[in-house]
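Survey of secondary and tertiary structure
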Amino acid sequence: MEKIVFVGAGSMAEAVIAGICKQKSVDSSSVYVMNRSDDDRLRHLQESYGISLVSSNRNELKSADLIVLATKPKDVQVAMEQIVPLIKKETVVLSVLAGVPISAIELGLGLRGIARSMPNTSAAIGKSATGVAWNSIIDKKDKQQILTLLGSIGIVVEVEEDQLHAVTALSGSGPAYVYYLAEALEKAAIQAGIDQPIARELIIQTLDGAASMMQKTQEEPDILRKNVTSPGGTTEAGIRALSEGGFQEAVQSCIQGAETRSRELGKANGKVKSSS
Ligand SMILES: NC(=O)C1=CN([C@@H]2O[C@H](COP(=O)(O)OP(=O)(O)OC[C@H]3O[C@@H](n4cnc5c(N)ncnc54)[C@H](O)[C@@H]3O)[C@@H](O)[C@H]2O)C=CC1
Ligand SMILES: O=C(O)[C@@H]1CCC=N1
């Protein structure tokens, strides 16, 4: 895919742009970006990643091979109305929007190859966990190119479209849960008397080490947990406190709440307004 145009220049667009440019999976000179407003933001992306800006006549859209939809779900209808008159029928669309169904993009941009994905912000360092689903007419070659593109920003798994709500709840939002845990650990560590910079260093290494242990040993997490938990020891006391505080239930509600919200976003932003 020669020319890629990002519609929306927010956090997620930047994470994907940073990832694909740093991994050199595309030539940054063939990446273009447009936004609703905020020229400073566009200039920041241009200067940081060597990409180009869509010009005011939006001519770049006419020759785009791939359009990445990266607005908020609530803004996508307007964005699609603005770009649809300009794009050619061969242009493939990659959405990163939470909730918004492929059918809404087909209605908004016409029947064409469409991939609906859910990356996360770790794309910026090539560590996204991305889920992707396809519409029925997407070409094998386009699918492969999108898999390669998404693969360059982390791991990518193909799922049924309906499962993307759960993927969004788990790995799309997931980095935020980990940061929330890190915030809580840091506060508690400071309260326990550890200096903040030291607490930060220990937390980062602990999270990284635990994730790497899961990846490298392929051991079940409950076994790894039990390996840490000496009978009558400190971990047992800590886990008991988490359990009594409703940890499992809170995590379950977290995923359920996020998944429900993804479905709501789909319903709220899944229809194209009639032009009459
Ligand atoms: N932030 C995250 O961690 C993730 C976000 N997503 C999805 O990515 C999408 C973007 O999220 P963020 O980057 O966080 O939001 P954001 O608010 O940072 O960025 C959205 C951008 O779209 C632009 N925009 C709005 N209307 C437009 C239009 N008509 N034409 C061109 N640009 C327009 C806005 O100016 C804004 O810069 C959302 O749909 C979200 O569900 C997906 C995975 C993770
Ligand atoms: O919070 C959100 O709606 C977006 C989708 C996944 C992560 N951020």
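Residues numbered from 1 in each chain as written. Chains lettered and ligands numbered in written order. Predicted model: local features only at pLDDT ≥ 70, side-chain atom pairs only at ≥ 80, totals over all residues. Heavy atoms only, no water.

Per an unreviewed UniProt entry, the chain is named Pyrroline-5-carboxylate reductase, and its organism is Sporosarcina aquimarina. Listed in UniProt under the heading Subcellular location (unreviewed entry), the comment for the chain reads: "Cytoplasm". According to its UniProt record, the chain has this under Pathway (unreviewed entry): "Amino-acid biosynthesis; L-proline biosynthesis; L-proline from L-glutamate 5-semialdehyde: step 1/1." (UniProt positions renumbered as here; feature names shortened; annotations may be inferred.)

What follows covers the UniProt feature "domain: Pyrroline-5-carboxylate reductase dimerisation" (unreviewed entry) in the chain. In this structure's numbering, the residues bearing the UniProt feature "domain: Pyrroline-5-carboxylate reductase dimerisation" (unreviewed entry) are residues 161-265. Its end C-alpha atoms 15 Å apart, residues 161-265 is made of 83% helix and 0% strand. (Helix = DSSP H or I, 4+ residues; strand = E, 2+ residues; numbered from the N terminus.)

With that settled, consider the domain arrangement of the chain. Looking at the assigned domains, one finds that the chain contains domain 1 (4-160) and domain 2 (174-261). Computed from C-alpha atoms alone, the centre-to-centre distance between domain 1 and domain 2 is 33 Å. (Domains from an automatic or database assignment.)

Surveying the vicinity of ligand 1 reveals 21 residues, the closest of which are Met 12, Asn 35, Thr 71, Gln 82 and Ala 98. In the environment of ligand 1, an oxygen atom lies 2.7 Å from a nitrogen or oxygen atom belonging to the side chain of Asn 35. Between ligand 1 and Lys 72, the relevant distance is 3.2 Å, taken from an oxygen atom to a side-chain nitrogen or oxygen of the residue. Compared with its free state, where it exposes 830 Å², ligand 1 has 84% of that area covered by protein. (Near = heavy atom within 4 Å. Polar contact = N/O pair within 3.5 Å; in protein donor to acceptor, adjacent residues only side chain to side chain. Areas by Shrake-Rupley, 256 points an atom, 1.4 Å probe, with all protein chains shown as cover.)

Right, let's talk about the packing of aromatic side chains for a bit. Following the criterion strictly, the structure yields zero aromatic pairs and no others. Lying over the aromatic face of Tyr 32, Lys 3 brings its terminal NZ or CZ to 5.0 Å of the ring centre. (Phe/Tyr/Trp six-rings, centres within 6.5 Å; stacked < 30°, edge-to-face > 60°. Lys NZ or Arg CZ within 6 Å of the ring centre and 35° of its normal.)

The next thing to look at is the nonpolar core. If you look at the biggest cluster of nonpolar residues, it comprises 34 residues, and the most contacted ones within it are Phe 6, Ile 17, Ile 20 and Ile 146. Of all elements in the fold, only strand S1 (4-7), helix H1 (11-22), strand S2 (31-34), helix H2 (39-49), strand S4 (66-69), strand S5 (92-95), strand S7 (128-134) and helix H6 (140-151) reach the threshold of two or more residues within this core. Considering each element in turn, this core owes the most residues, eight residues, to H1. Dropping the residues within four chain positions of it, Ile 20 is found in contact with Phe 6, Ser 25, Val 26, Val 31, Leu 149, Ser 152 and Ile 153. Counting 22 residues, the second-largest nonpolar core is a separate cluster that includes Tyr 32, Ala 64, Ile 83 and Val 93. (Core = buried A, V, L, I, M, F, W, Y, C linked by side-chain atoms within 4.5 Å. Buried < 20%, exposed > 50% of the residue type's maximum accessible area, 1.4 Å probe, protein only. Contact = heavy atoms within 4.5 Å.)

The next thing to look at is the site of ligand 2. What surrounds ligand 2 is the set Ala 98, Gly 172 and Ser 173. Protein chains shield 46% of the accessible area of ligand 2, which is 240 Å² for the free molecule.

Annotation from UniProt places "domain: Pyrroline-5-carboxylate reductase catalytic N-terminal" (unreviewed entry) at residues 3-99. Secondary structure over residues 3-99 splits into 36% helix and 19% strand, and the C-alpha atoms at its two ends are 26 Å apart.

This next bit is on the environment of Glu 2. Mapping Glu 2 onto the fold places it in the segment before S1. The spatial distance from the C-alpha of Glu 2 to the C-alpha of Ser 48 is 20 Å, given a sequence separation of 46 residues.

Judged by pairing direction, the sheet is mixed, and its eight strands sit side by side in the order S3-S2-S1-S4-S5-S6-S7-S8 without closing on themselves. Pairing within the sheet leaves two strands with one partner each, and these edge strands are strand S3 (52-53) and strand S8 (154-158). In the sheet, S1 pairs with S2 via four bridges, with the strands oriented parallel. Residue Ile 4 lies in a different strand from S2, and its bridge partner there is Val 31. Against the sheet, H1 contacts S1 and S2, and its axis sits at roughly 160° relative to S1. Docked against the sheet, helix H5 (residues 102-109) engages S4, S5, strand S6 (114-118) and S7, running at close to 135° with respect to S6. (Pairing = 2+ DSSP bridges. Axes fitted to C-alpha atoms, helices over the stretch in contact; angles between N-to-C directions.)

For S7, the tally of buried residues reaches six of seven residues, placing the bulk of the element in the interior. Bridging between S6 and S7 involves four bridges; their strand directions are antiparallel. Within S7, the position partnered with Ala 115 by the bridge is Trp 134. Here five bridges tie S7 to S8, and the two strands are oriented parallel to one another. Looking at the pairing, Gly 131 lines up with Val 157 of S8. With respect to chirality, the unit in which S7 leads through H6 into the neighbouring parallel S8 is right-handed. (Right-handed = clockwise from strand over helix to strand, strands pointing away.)

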